[in-house]
Structures are given as structure tokens and as C-alpha cells.
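So the chains spell out like this:
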Amino acid sequence: MTTATTSQAKALAKAPTLAVYPGTFDPITMGHLDIINRALNLFDHVIIAIASNPGKTALFTIEERIEMIKQCFPENESRVEVAAVSGLLVNYAMQRGAKAIIRGLRAVSDFDYEFQLALMNRKLEREVDTLFLMPAFRWIFISSSIIKDAARHGGDVSELVPEHVNQCLKDAFSS
Ligand code: COA
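Residues numbered from 1 in each chain as written. Predicted model: local features only at pLDDT ≥ 70, side-chain atom pairs only at ≥ 80, totals over all residues.

When helices and strands are counted, the chain shows seven helices and five strands. Each principal axis of the C-alpha distribution contributes one length, and for the chain these read about 70 × 35 × 30 Å. Taking all 175 residues of the chain together, 27% fall into the buried category. Put simply, 76% of the contacts in the chain that link residues at least 6 apart link residues at least 24 apart. (Helix = DSSP H or I, 4+ residues; strand = E, 2+ residues; numbered from the N terminus. Buried ≥ 20, exposed ≤ 12 C-beta atoms within 10 Å, placed from the backbone. Contact = placed C-beta atoms within 7 Å.)

We now examine helix H5 (residues 108–124). In this model H5 runs 25 Å from its N-terminal to its C-terminal C-alpha over 17 residues, within 8% of the 24 Å that 1.5 Å per residue would give. Largest kink in H5: about 25 degrees, centred on Glu114. In terms of burial, H5 is largely open, as just one of its 17 residues are buried. (Expected span 1.5 Å × (residues − 1). Bend = angle between axes of the 7 residues up to and from the residue.)

As a further point, take unusual backbone geometry. Of note, the bond from Asp26 into Pro27 is cis; its omega dihedral lies within 30 degrees of zero at 0 degrees. With respect to the helices, strands and loops of the structure, Pro27 is situated in the loop between strand S1 (18–23) and helix H2 (30–40). Positioned with a positive phi, Phe25 is a non-glycine residue whose angle comes to about 50 degrees. Examined against the element boundaries, Phe25 turns out to sit in the loop between S1 and H2.

For the rest of this paragraph, the subject is the site of the ligand. Around the ligand, the structure places 24 residues, and the nearest of them are Gly23, Thr24, Gly31, Gly104 and Ser145. Elements with a minimum of two residues in the shell around the ligand: S1, H2, H5 and helix H6 (144–152). Of the residues belonging to the shell around the ligand, the class tally is 10 nonpolar, 11 polar and three charged. (Near = placed C-beta within 6 Å. Nonpolar A, V, L, I, M, F, W, Y, C, P; charged D, E, K, R; others polar.)

Next comes the structure, spelled out in C-alpha cells:
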């Protein structure tokens, strides 16, 4: 009995840890990448989940966003997965065996909305917790929308997004 319990505990301790990082990612920014790298220091695997926010109209298709995110990681990056998620995020997290949802907190202004989201997710599924991570200071002022707005008007956003994303923004606004 004691031996079985100990070996079960060992097996549990060895189970890979998994977190879901949801968002619109339209497009992915250096701030998002900062959060993903922090999450990779805490979890064995991170699923970047492109979820829908009914309040937003995206510039890039889901397929384009998936491709842009995938290109941020080397071919052999087995610890990162990118997925399009429909339906409730917590249901997806449970299906995948993820006990944590990662969200980035940039400033106090994010807090109200993030608090609401986290509490609603907990109400819907008590087994999934939300973990807030702060990006590096230099990314706290950026968002996908503000980057798109700057790029739309010809502003230089090359330091704020990966190179291939910068090119996609240029292509999108070139016509
Ligand atoms: N660096 C840069 N930007 C960041 C950032 C960071 N570290 N962290 C957040 N942001 C920005 C994003 O770019 C985004 O900017 P935008 O508004 O200009 O697009 C904004 O902060 C927050 O958006 P995002 O993280 O993409 O979340 P969201 O509010 O668009 O999406 C979902 C919320 C998709 C996670 C939520 O609607 C969801 O879970 N949907 C699935 C359905 C569901 O379960 N609904 C019930 C939820 S209780």
C-alpha cells in the first residue's frame, strides 16, 4: 500500500506540466513572446491558444496568425504548440490536461478585465487556475492594436514584433 502510494506520487511528480496561453494574437508581439518564454521557465509545455474574442475584428486570419506564431519558434521546439480554439477556453484546457491558464499583466489598467476573466473561468471550471505573468518593462506599453495602428500609418514597429511579423504588417498595409 505504502509502496504503491509512493510510486503513484513519483509518477505524478514526473507528469509533464502544461499551460495554455490564450489570446487573439493579431498579431503576436515581442510582449507575447516575453510571456511565452517566462511560461516555458515554469511549465514543460505551453499551448498558445488562438481563441476568439467577439469584440474584435482581426486583421489576420487564424491560419496566418498560427503561421506567424509557429515561425517564432525553431522547427524542433517541441515544448510549444499553437492551436486554434473554439468554445470555452476552460473546456479546452481540461481536455488537454492543463491546469493553468497564463495571462500577461502589463499595467494596472489590465487588472479589472483580467480579474473578471479569471474569476469567470474559475466559476466555469474550478480545476483550472489563471497565472499572471508580467512582461519586461520595455513591453508594457504595447498591444497588438497599437502596433497595427502605427504600422497602418507607416510607423516603424520593427523593434516591437518579430521580423517576419513586421513584414506581414507591411504587406497588409501596402495596398
Ligand atoms: N504583450 C503585448 N500585448 C499584450 C500582452 C503582452 N504581454 N498581453 C496582452 N497584450 C495585449 C494583446 O495584444 C491584446 O491587444 P489588443 O486588444 O490590441 O488585441 C490585449 O492585450 C489583450 O488581448 P488578448 O490577450 O489577445 O486577449 P483578448 O482579451 O483579446 O482575448 C480571450 C480574451 C480570447 C482569452 C477570451 O475572450 C477567451 O478566453 N475566449 C474564449 C471563449 C471563452 O472561454 N470565453 C469565456 C471567457 S470567461
